Amino acid sequence: MASWRVAASLLALRDQVNLAWPGRSRASDGTIGDARHRSRDSDHNPWIEDGAVGVVSALDLTHDRAGGCDMEKVVEAVRASRDRRIKYIIWNRRICSSSAVGNATAWAWRAYGGSNPHDKHAHFSVKASKALYDNPDPWSIGARATVSDPLSPEIATRPVLRRDSRSAAVSELQTLLRRHGHDITVDGRFGAATEAAVIAFQTALGLVPDGVVGQKTWAALLAA
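Residues numbered from 1 in each chain as written. Predicted model: local features only at pLDDT ≥ 70, side-chain atom pairs only at ≥ 80, totals over all residues. Heavy atoms only, no water.

### Overview of the sheet that holds strand E3 (residues 53-56)
Strand pairing in a sheet takes place through backbone hydrogen bonds and is either antiparallel or parallel in direction.
Item 1. Spatially, E1-E3-E2 is the arrangement adopted by the 3 strands of the open sheet, whose pairing is mixed. Each having just a single partner strand, strand E1 (4-6) and strand E2 (48-50) make up the two edges of the open sheet. Neighbour-to-neighbour, the strand axes of this sheet turn through a mean angle of 40°, independent of strand direction.
Item 2. Judged from the 3 bridges that link them, E2 and E3 form a sheet pairing that is antiparallel. Considered in E3, the bridge of glutamate 49 is made with glycine 54. (Pairing = 2+ DSSP bridges. Helix = DSSP H or I, 4+ residues; strand = E, 2+ residues; numbered from the N terminus. Axes fitted to C-alpha atoms, helices over the stretch in contact; angles between N-to-C directions.)

Set out below in structure tokens:
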């Protein structure tokens, strides 16, 4: 699938962790899988279809005890909450699922035998139901950090833009990108140059660099 995005519930989890521990390391953070992930069954692949867009339903978050972000505590807080969005969690050579697996009861730890021990990051997978994977409600993460970011009507009604979009909204996007220092033409056509500028902007702001202009990217563009 050519275009992809990350499940909104996982972006909310990542944002909440970032808010709780702003200086944490992100060295092992990850969403979309590499070639090794694409060769096997993995939630890091955008296998869920939401219209023409694939949805990645897995998130890795870096264990950084020195930076205050102890994944042991985060994982145990999420596990204790029994959050209905969770499909399974992998952490430090163990895996737990929100439903019973074999002799293991729901949410019980069992041994994980994958080649990656997941001791430098924790893996969170969410269920394939859109009502769950795109539910951005706050998570229980063992820290008092709730992302409260209500969208203004101005942003909430803006269209999602991506490669090959053509509209006045694309012209506005290009104008905003120019204000942020990206030397592109304002022509109302979302081509390769516009996509590259969007990805560069998203990367600089710590957003998911997928080249798709959704509500978070609009909000960041309009913030300055």
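Back to the text.
### A word on the packing of aromatic side chains
Item 1. Applying the stated criterion across every chain yields a total of 0 aromatic pairs.
Item 2. Above the ring of tryptophan 139, the side-chain terminus of arginine 85 is found at 3.9 Å from the ring centroid.
Item 3. Directly above the aromatic system of tryptophan 109 lies the positively charged group of arginine 94, at a separation of 4.2 Å from the ring centroid. (Phe/Tyr/Trp six-rings, centres within 6.5 Å; stacked < 30°, edge-to-face > 60°. Lys NZ or Arg CZ within 6 Å of the ring centre and 35° of its normal.)

### Focus on the nonpolar core
Item 1. Leu10, Leu13, Met71, Ile89, Phe124, Trp139 and Ile141 are the most contacted members of the largest nonpolar core, which totals 31 residues.
Item 2. Sorting the residues of this core by element identifies E1, helix H1 (8-20), E3, strand E4 (58-62), helix H3 (71-81), strand E5 (86-91) and strand E8 (121-126) as the ones contributing at least two each.
Item 3. With 5 residues, the top contributor of residues to this core is H1.
Item 4. Leu161, Ala197, Ala220 and Leu221 belong to the second largest nonpolar core, which has 16 residues in total. (Core = buried A, V, L, I, M, F, W, Y, C linked by side-chain atoms within 4.5 Å. Buried < 20%, exposed > 50% of the residue type's maximum accessible area, 1.4 Å probe, protein only.)

### Points about the pairing of E5
Item 1. The element E5 is extensively covered by neighbouring structure, given that 5 of its 6 residues are classed as buried.
Item 2. Pairing geometry for E5 and E8, over 4 bridges, is antiparallel. Paired with isoleucine 90 across the two strands is histidine 123, which belongs to E8.
Item 3. As paired elements, E5 and strand E6 (residues 94-97) share 4 bridges and run antiparallel to each other. Of the residues in E6, the one forming a bridge with tryptophan 91 is arginine 94.

### A few points about the pattern of salt bridges
Item 1. The tally for this structure, following the rule as stated, stands at 15 salt bridges.
Item 2. Where arginine 5 meets aspartate 134, a salt bridge forms, and the shortest distance between an N and an O atom there is 2.6 Å. Taken together, the residues span a long stretch of sequence, with arginine 5 in strand E1 and aspartate 134 in the loop between helix H4 (130-133) and helix H5 (153-156) at a distance of 129 residues.
Item 3. For aspartate 134, a relative accessible area of 19% gives the class buried. (Salt bridge = Lys/Arg side-chain N within 4 Å of Asp/Glu carboxyl O.)

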